[in-house]
Amino acid sequence: MPQKHDGLDRLTQLLLLIAAVTTIANGLFMLVKPLDWYVFVPTVVTTGPPNAHFIRDIGLAYLGSGLILLYAAANPLLRWRAAVVGGCG
């Protein structure tokens, strides 16, 4: 039997959706244009020379995290699964 969602559940869902979309967008940017991403984020250039392969690896992690957040936003009653997956990584 589905439970009724209150305002706090809806706010949580909205915030998770925003986090998911921005995280997925960042991950895709890192995968598609790693060197452009390196220049686009101003603080990254202070960490040393760019490594496109490493940037893509991190982009995959962002993409995976974003998909987990999207799952959590779409399934309010099953958010704990996303928390467990995120906590085990």
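Residues numbered from 1 in each chain as written. Predicted model: local features only at pLDDT ≥ 70, side-chain atom pairs only at ≥ 80, totals over all residues. Heavy atoms only, no water.

Some points on helix α3 (residues 52–74)
Argument step 1. In a regular helix each residue adds 1.5 Å, so 23 residues correspond to 33 Å; α3 covers 32 Å between its end C-alpha atoms and thus fits that length.
Argument step 2. Among all positions of α3, only Ile55, Gly59, Leu63, Gly66, Ala72 and Ala73 are buried.
Argument step 3. A side-chain oxygen of the first residue of α3 lies 3.1 Å from the backbone nitrogen of His53; this N-cap is Asn51. (Helix = DSSP H or I, 4+ residues; strand = E, 2+ residues; numbered from the N terminus. Expected span 1.5 Å × (residues − 1). Buried < 20%, exposed > 50% of the residue type's maximum accessible area, 1.4 Å probe, protein only. Polar contact = N/O pair within 3.5 Å; in protein donor to acceptor, adjacent residues only side chain to side chain.)

Points about the side chain of Gln13
Argument step 1. Take Gln13: it is sitting in helix α1 (residues 7–32).
Argument step 2. Take Gln13: its relative accessible area is 18%, and that puts it in the buried class.
Argument step 3. Only 2.9 Å separates the side chain of Gln13 from the side chain of Arg10, close enough to count as a polar contact.
Argument step 4. In this view, Gln13 contacts Ala73, Pro76 and Arg79; residues no more than four positions away in its chain are not counted. (Contact = heavy atoms within 4.5 Å.)

Thoughts on a nonpolar patch on the surface
Argument step 1. A surface patch of nonpolar side chains, about 490 Å² in accessible area, is lined by Leu8, Leu11, Leu14, Leu15 and Ile18.
Argument step 2. Of note, Ile18 is situated in helix α1. (Patch = residues over 30% accessible without salt bridge, like charges linked within 9 Å, V, L, I, M, F, W, Y side chains within 5 Å. Areas by Shrake-Rupley, 256 points an atom, 1.4 Å probe, with all protein chains shown as cover. Salt bridge = Lys/Arg side-chain N within 4 Å of Asp/Glu carboxyl O.)

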